[in-house]
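Listed here are the chains, written in short residue letters.
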Amino acid sequence: MIRKYNVSLKNYCTFKIGGSAKSVSFPKTEEEFVKEIFFCRKKRKRFLILGNGSNVLFSDDGFDGEIISTRLLNKISCFENDEICCEAGVNLNVLCKYCAQKGLKGIEKLFGIPGSVGGAIIMNAGAFDCEICRFVKKIRVLKGDSVIEREPENFSYRKGPVEKDEILLSASFHFRRCDKQEIDRIHKQVLEKRKMTQPFGYPSAGSVFKRNKNFFPAKLIDEWGLKGLQNGGAMISNKHAGFIVNFNNAKSKDVLNLINFVEEYAKKRGYEFEKEIIVIT
C-alpha cells in the first residue's frame, strides 16, 4: 500500500482543478483495497473511491478525508473463451489497446475516453453509439462486508449496474474475434473524430450535461451563442459547446458559476439540464 499526505487534487483529475486531500492511498491488490475501505468505515473516516478522475470536479477547498485511488488496481487477465477480466483501475484506453492486440472487437469506439474501467462501468460510458454495457458479463463488488460476483443489471443511459451500497472491484467482459488491422483502423478513425470535435488543448471533464431524450444540451448551448463564455479561468469551449475547459488556471467556483448560469439560462427557456460531471465538495 502506498500512501501520500496533503496531496493536490489537481494531479488526480482531468480538469486539473481542486484543493488538497488529507491523504491519498493506493492499494495494489483487491485485498488491500477492501482492507482500506473497512479501515475507513471502522474509523468513521470520510473516503472517496477515485479512478482516473475524468468525470469529477473537486472543490477549491479540497477533500476533508481520504481518497482511495484505484490506479494501481490495473491487472488484466485473458481467458480461452475470449473473456477478459479487469480490475477497476485499468485505464480504458489500455483495455482498448489490449483488446486490439488480442484481436477482440467491441469497445474500440470508446478509445480515447480518459477514464478507468471502474468509472466507465459505473456511469455506463459510451461514445459514437457504443456503450460499455454491451460487453460486461459479470461484475465483482463489495457489498457490506461481503465480496459478491454477479451478472450486471439495470444499465441505462449514463447509469451502470453498481448500486449505492456497492463498490466495484473488477469486471469481466466478452468480446468477439476480429482482424487486428480492422480494430486499429477504427481506433484511428475514432481519435481523428475526437480531435476534430472535442477540445483537446485544455483540461476538461468531458461533457458537462447529460443528453436528454428530447434534446441535446450541447446543441442548445451552441444555438444560444454561449460558446466562448468565460468566468475566471473557465470557458465554454469554442469547439464543443458541451465542454467547459480550464483555459487559465480555473478554480472550481469558476466552473460552477458557468454551470449555474447555463442551467438557469436553459430553465428560463423551458429546459431542465442534468449534470453529467460529479461535483465533489
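Just above, that's the structure.
Residues numbered from 1 in each chain as written. Predicted model: local features only at pLDDT ≥ 70, side-chain atom pairs only at ≥ 80, totals over all residues. Heavy atoms only, no water.

**Concerning the sheet that holds strand 13 (residues 166-174)**
- What the 5 strands build is an open sheet, ordered 6-7-13-11-12; its pairing is antiparallel. Looking at the sheet topology across the chains shown, the edges are occupied by strand 6 (76-78) and strand 12 (146-150). If you compare each strand with its neighbour and ignore which way they point, the axes differ by 15° on average.
- As judged from the 7 bridges shared by strand 11 (residues 136-143) and strand 13, these two strands associate in the antiparallel manner. What sits directly across from K143, in strand 13, is E166.
- Strands in contact with helix 1 (residues 30-42) are strand 7 (83-87), strand 11, strand 12 and strand 13; relative to strand 13, the strand with the most contacts, it is inclined by about 160°.
- Strands strand 6, strand 7 and strand 13 of the sheet are contacted by helix 2 (residues 92-102), whose axis makes an angle of about 25° with strand 6. (Pairing = 2+ DSSP bridges. Helix = DSSP H or I, 4+ residues; strand = E, 2+ residues; numbered from the N terminus. Axes fitted to C-alpha atoms, helices over the stretch in contact; angles between N-to-C directions. Contact = heavy atoms within 4.5 Å.)

**What to know about the pattern of salt bridges**
- Applying the stated rule across the entire model yields 17 salt bridges.
- A salt bridge links E108 to K105, with the shortest nitrogen-to-oxygen separation between them at 3.2 Å.
- When its relative accessible area of 6% is taken as the criterion, E108 is described as buried.
- Here K105 falls in the buried class, since its relative accessible area comes to 15%.
- The salt bridge involving E263 is made with K275; its shortest N-O contact spans 3.2 Å. (Salt bridge = Lys/Arg side-chain N within 4 Å of Asp/Glu carboxyl O. Buried < 20%, exposed > 50% of the residue type's maximum accessible area, 1.4 Å probe, protein only.)

**Details of the packing of aromatic side chains**
- A full pass over the atoms with the stated rule returns 10 aromatic pairs.
- When the ring of Y12 is compared with that of F26, the centres are 6.0 Å apart and the planes differ by 45°; the resulting orientation is tilted. Residue Y12 is found in the loop between strand 1 (2-8) and strand 2 (20-26), and its partner F26 is found in strand 2; the two are separated by 14 residues along the sequence. No difference in accessibility class separates Y12 from F26, as the two residues are buried.
- An aromatic cluster of at least three residues, connected via ring pairs, comprises F209, F215, W224, F261, Y265, Y271 and F273.
- The ring of W224 carries the charged tip of R269 above its face, separated from the ring centre by 6.0 Å. (Phe/Tyr/Trp six-rings, centres within 6.5 Å; stacked < 30°, edge-to-face > 60°. Lys NZ or Arg CZ within 6 Å of the ring centre and 35° of its normal.)

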